[in-house]
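Coordinates in review
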Amino acid sequence: MTFPIPHSDQATRIYLALAQYPILKTHIRECMRQAMFDAGVITPKQFEAEVRKQARQSQKREGLEDPFGEETAEMWEVRLSRVRDTLTDFYFGYNLPFERFEKIVKEALSDTQTSLQDVSVSLNPELAPIDMLFDHAQAITKLPPNQAKEQTPRLQEIIVVLIRKIISDHLAYINIAKEWFQIQDLIDIQHRKIGYGKIGGKAAGMLLAYRIMRTVGDEEITGSLNIPRSYYLGAGVMYTFMSYNNLMHWHNQKYKTADEIRIDYPQIVQEYEQGEFPPDIEKRLRKMLANLGKEPIIVRSSSLLEDNFGTSFAGKYESVFCPNQGSLEENYRDLTQAIAQVYASSVNPDALLYRRKQGLLDYDERLAILIQVVQGERFQNYYLPHASGVGFSRNIFRWTPKIEREAGFLRMVWGLGTRAVERVGDDYPRLVGLSHPFLRPEKTVKEIRHYTQHQVDLINLESNRKETLPVKKVLTARYPPLRYLAEVDEGDYLSAIRSLPLGKDPEDFVLTFDGLLQKTAFSKHMRTMLTTLEKHYRGPVDMEFTIHISPQGELTITLLQCRPQSHSEMVEVEIPDDLEKKDIIFSSHRMIPRGKVENIRYVLFVPPEKYYALPTKGERFSLGRAIGRANAQLANETFICVGPGRWGTNNPDLGIHVSYSDIYHTKALIELSGQKIGREPDPSFGTHFFQDLVEANIYPLAVDIDDEQTIFKKDFFYQSENMLGEIMPEETQYQDVLYLIDVRKQHPGHLLSLMMSDSQNKAVAYLKSNF
């Protein structure tokens, strides 16, 4: 939005002169207007009428056919402010001598405090334009200490209003942020913001956590803490993009049925990817790319609801890597495609059904965009961080009662953090309980060798793509931080790397991160950071991070995001000692959550051998959609899901490929493992999928049917009558691979209870009389 300077040499001189006084220009222009009114050049009423007339004309020049319907009230106020400034320069320059302007400036400079008091009387921060608020706040900070103290309440009010206008309007966030943000923090955000609107939840959480740690962290932590170079595409730009590309007809997707949402989504993505940005936004994006050079970037969603208190939206919207290694034109094309994909993801099925479940459909959920430089360094033709992951201040799942829940937990990988937060294939992150960082879930060298990371996500600078490659293809003896990340497989034991292991086969390197945990202060720093952030967030938090390790073992921890940790209504449970074995349907003794599910009427069971007998991935994907329809059918019932491998995996060869929208009504996901099924030590803890389960009060539970302590009553699962055809006759084609068991029909007068005690390290599902 721009307005030409009126054609007048003196008006031009005034405009340029005011640029020298950024802090006082708002007040100076107010004095200029008063001088115009006193001299009879124009009346206040006539002036404001002209301002509105010119503002409406500027809207028409920009193609706004319905100016009041297509522009927010806040944007209209910004437009009025800019027109008002332009017309002030115009009328003053044409009608009053330049000496009068100079006198006004001198008076403003000679009595800044008086000027501020005058402005404070008339300034309403809630209605004032953002530029005026910044000018006024900066002027207060320039005052002598005794005078600035008198303006402290006004400065606090301005900071709160600015937080609400450019960051977040959620009161839970504002109540914390106002205690930490300084005016310079907000100025820095404004300078890196492109377009109109708030910067959204993901950016808000990162900036607040960084400010907290920089303020109260000890010198060792603050000296090693960093955040990525970031730019913010305001949330209002999303609607500008949609309007500019005739996409507003998709805005009502949230009120359609689940099937309609799924059917429409591919078409929506295609149409969004064909969109373009208006010239003013395009100019800013191109300038940003020119400044970044060849640094890889990531385009991340930062919606108005994202990373909020109680609704994390973890993984609901897209994040897209842009390697940024082409020409400026190629990089701009990739960037705008990435932004379009993120915008389109605002109406993806998982996001809309999550909002429906959370009662948030009617909220105006616009996406801001967070554009960040990818953290890492070059190694050969690849670009990747030394380590990355996600940390939680509360450990919800403990693989042994020794681990302290309040000490926190990490889920860590080598390379890009996507493998730490997504349920990937036959691959495993390092799990770290921060009270006992060397105490692993695995008990033997064989298990450690198997349950380690085998694939790495990285940016291939040569092919200009994000890729997933085998660890053994990338990790070599010459990788600088190798001794902190890996150990050498010696057959019966793993040996630490103390010198350059030249001649060693990369096949023998096992990613354990033991060197990082033992030889550096990493686990200590992470525990301190998570505890500190929990204290000042006034509740548990989770954070994403990357690590850089210098040759001397010095750490740089880069904070990527921080948000309130998802939590469920977990309660202490004492499992009865007098349960009869005939009543127990299944049990587990590993990685047990804390809680209970009672009055379970239905069990949705996928027999492992029949699932893996499905000949194609397409048929397994199709089964996932059928489970989604069963989830909808059973919305008002209490049911659990039992099936092989990983629920929610991206690879249907390793488990059942479902998303949040397919299972959000269930009460528990039981993951069966065993020699013929596949094994897993961590039931998705720390992934975005896991956080969905926690928020929805869905318990994930691993059951190893080969474990001698485990009870798994096959007769219940295989001999019970399959009610799928009766309850859902349209799904009869899946009867051989999807069983719907009615507990009450099979065992009259009984329902199923699932009791889980992490202190006893035991979970039991058993028949219980409901009389």
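Residues numbered from 1 in each chain as written. Predicted model: local features only at pLDDT ≥ 70, side-chain atom pairs only at ≥ 80, totals over all residues. Heavy atoms only, no water.

This next bit is on the overall build of the protein. Per the secondary structure count, the protein includes 31 helices and 27 strands. Residues counted as buried form 59% of the 771 residues belonging to the protein. Sequence separation of 24 or more characterises 75% of the internal contacts of the protein that already satisfy a separation of 6 or more. Total accessible area on the protein stands at roughly 32,500 Å², and carbon and sulfur atoms take up 48% of it. (Helix = DSSP H or I, 4+ residues; strand = E, 2+ residues; numbered from the N terminus. Buried < 20%, exposed > 50% of the residue type's maximum accessible area, 1.4 Å probe, protein only. Contact = heavy atoms within 4.5 Å. Areas by Shrake-Rupley, 256 points an atom, 1.4 Å probe, with all protein chains shown as cover.)

Core analysis: the largest hydrophobic core is formed by 83 residues, its most contacted members being Ile167, Leu186, Trp414 and Phe522. Non-local contacts of phenylalanine 522, meaning those with residues more than four positions away in its chain, are made with Leu410, Met412, Leu516, Leu517, Phe545, Ile547 and Leu555. By size, the runner-up hydrophobic cluster in this structure holds 41 residues, among which are Phe241, Tyr272, Cys322 and Ala340. (Core = buried A, V, L, I, M, F, W, Y, C linked by side-chain atoms within 4.5 Å.)

Right, let's talk about the packing of aromatic side chains for a bit. Going through the model one piece at a time under the given rule, you end up with 24 aromatic pairs. Relative to tyrosine 479, the ring of phenylalanine 379 lies with its centre 4.8 Å away and its plane at 75°, an arrangement referred to as edge-to-face. One end of the pair, phenylalanine 379, is in strand E7 (residues 377–379); the other, tyrosine 479, is in the loop between helix H21 (471–474) and helix H22 (482–485), with 100 residues separating them in the sequence. Accessibility assignment for this pair places phenylalanine 379 and tyrosine 479 in one class, buried. Measuring from centroid to centroid gives 5.2 Å for tyrosine 611 and tyrosine 612, while their planes differ by 75°, and the two rings are edge-to-face. Cluster of aromatic residues (ring-pair linked, three or more members): Phe586, Phe605, Phe712, Phe716, Phe717, Tyr718 and Tyr739. In this arrangement the basic side chain of arginine 192 is found over the ring face of tyrosine 231, its NZ or CZ atom lying 5.0 Å from the centre. (Phe/Tyr/Trp six-rings, centres within 6.5 Å; stacked < 30°, edge-to-face > 60°. Lys NZ or Arg CZ within 6 Å of the ring centre and 35° of its normal.)

Attention now moves to the sheet that holds strand E26 (residues 750–757). With respect to topology, four strands assemble into an open sheet ordered E19-E27-E26-E20, the strand pairing being antiparallel. Every interior strand has two partners, whereas the edge strands, strand E19 (584–588) and strand E20 (595–600), have only one. Strand-to-strand twist of the sheet, defined as the mean angle between neighbouring strand axes without regard to direction, takes the value 15°. When E19 meets strand E27 (residues 762–769), the two strands line up antiparallel, connected through four bridges. Residue pairing for E27: isoleucine 584 is matched across the bridge by tyrosine 766. (Pairing = 2+ DSSP bridges. Axes fitted to C-alpha atoms, helices over the stretch in contact; angles between N-to-C directions.)

Let us now look at the sheet that holds strand E8 (residues 382–384). The strand order across the open sheet formed by four strands is E7-E8-E12-E13, and the pairing between neighbours is antiparallel. One side of each edge strand has no neighbouring strand; the edge strands of this open sheet are E7 and strand E13 (465–470). Recorded for the sheet is a direction-independent mean angle of 45° between the axes of neighbouring strands. Inspection of the sheet shows E7 paired to E8 by three bridges, in the antiparallel sense. Bridged to glutamate 377 within E8 is leucine 384.

As a further point, take the pairing of strand E21 (residues 602–605). Where burial is concerned, the two faces of E21 agree: the one with Tyr602 and Leu604 and the one with Val603 and Phe605 are both buried. Summarising the sheet, E21 and strand E22 (residues 639–644) pair through four bridges and their orientation is parallel. In the strand pairing of E22, valine 603 is matched with isoleucine 640. Relative to strand E25 (residues 739–742), E21 runs antiparallel, the two sharing four bridges.

This part covers the environment of threonine 12. Summarising the element assignment, threonine 12 is placed in helix H1 (residues 9–18). Assessed through its relative accessible area of 31%, threonine 12 is described here as partly exposed. Residues threonine 12 and glycine 93 lie 81 residues apart in sequence; the distance between their C-alpha atoms is 8.0 Å.

What follows concerns helix H24 (residues 522–537). Look at H24: 22 Å from first C-alpha to last across 16 residues, which is about the 22 Å you get at 1.5 Å a residue. Taken residue by residue, H24 has Phe522, Ser523, His525, Met526, Met529, Leu530, Thr532, Leu533, Glu534, His536 and Tyr537 as its buried positions. Arginine 538 sits one or two residues past H24 and shows a positive phi near 65°. (Expected span 1.5 Å × (residues − 1).)

As a further point, take helix H18 (residues 349–358). Across the ten residues of H18, seven count as buried, placing the element largely inside the fold. The complete set of buried residues in H18 reads Pro349, Asp350, Ala351, Leu352, Leu353, Tyr354 and Arg355. Here H18 starts with a cap whose side-chain oxygen sits 2.9 Å from the backbone nitrogen of aspartate 350, and that cap is asparagine 348. Positive phi appears at glycine 359, one or two residues downstream of H18, with a value of about 70°. (Polar contact = N/O pair within 3.5 Å; in protein donor to acceptor, adjacent residues only side chain to side chain.)

Let us look at the pattern of salt bridges. Counting across every chain of the model gives 37 salt bridges. Of the charged contacts in the structure, one is a salt bridge between glutamate 179 and arginine 538, with a shortest N-O distance of 2.8 Å. With glutamate 179 in the loop between helix H10 (171–177) and helix H11 (183–191) and arginine 538 in the loop between H24 and strand E17 (541–549), this pair connects stretches of sequence that are 359 residues apart. With a relative accessible area of 52%, arginine 538 lands in the exposed category. Linking aspartate 334 and arginine 333 is a salt bridge whose minimum nitrogen-to-oxygen distance equals 3.2 Å. Note on aspartate 334: relative accessible area 25%, which makes it partly exposed. Each of the salt bridges in this network shares a partner with another, and the network as a whole consists of Arg430, Arg440, Glu442 and Asp514. (Salt bridge = Lys/Arg side-chain N within 4 Å of Asp/Glu carboxyl O.)

A word on the environment of glycine 234. Inspection of the secondary structure assignment puts glycine 234 in the loop between strand E3 (230–233) and helix H14 (236–244). For glycine 234, a relative accessible area of 0% translates into the label buried. With 69 residues separating them along the chain, glycine 234 and serine 303 place their C-alpha atoms 9.8 Å apart. Setting aside residues up to four positions removed in sequence, glycine 234 forms contacts with Lys193, Ile194, Tyr196, Gly197, Lys198 and Ala368.

The next subject is unusual backbone geometry. We note that asparagine 246 has phi near 55°; this positive angle belongs to a residue other than glycine. Residue placement: asparagine 246 occurs in the loop between H14 and helix H15 (258–273). Looking at asparagine 246, the relative accessible area reads 61%, which means it is exposed.

Moving on: the pairing of strand E18 (residues 555–564). If a strand is regular, its side chains alternate between the two faces of the sheet. Counting buried positions along E18 gives nine out of ten residues, so the element sits mostly inside the fold. With nine bridges joining them, E17 and E18 adopt antiparallel strand pairing. Pairing of aspartate 542 across the sheet is with arginine 563, part of E18. The antiparallel hairpin formed by E17 and E18 contains five residues in its connecting segment, where glycine 553 sits at a positive phi of about 85°.

Before going further, it helps to spend a moment on the packing of H15 against H18. In the contact formed by H15 and H18, the axes pass within 9 Å of each other and the chain directions differ by 155°. It follows that H15 is roughly antiparallel to H18 by the angle criterion. In the packing of H15 onto H18, the handedness of the crossing is right-handed. Contacts between H15 and H18 involve Ala258, Ile261, Arg262 and Tyr265 from the former and Pro349, Leu352, Leu353 and Arg356 from the latter. Of the residues in the contact of H15 with H18, the class split is six nonpolar, no polar and two charged. (Parallel < 35°, antiparallel > 145°, perpendicular 65-115°, else oblique. Left-handed = near helix turned anticlockwise from the far one by under 90°. Nonpolar A, V, L, I, M, F, W, Y, C, P; charged D, E, K, R; others polar.)

Running from N to C, H15 and helix H17 (residues 328–344) cross one another at 145°; their axes reach a closest spacing of 8 Å. Note on packing geometry: the crossing formed by H15 with H17 is right-handed. Of H17, the residues touching H15 (which contributes Tyr265, Ile268, Val269, Tyr272 and Glu273) are Gln337, Ala340, Gln341, Tyr343 and Ala344. Its residues assigned to classes, the contact of H15 with H17 shows seven nonpolar, two polar and one charged.

On to the confidence of the model for the protein, then. The predicted model of the protein has a mean per-residue pLDDT of 87, with 90% of residues at 70 or higher. Contacts from residues 1–7, a stretch scored under 50 in pLDDT, to residues over four places away or in other chains number 20 contacts. (pLDDT = per-residue confidence, 0-100.)

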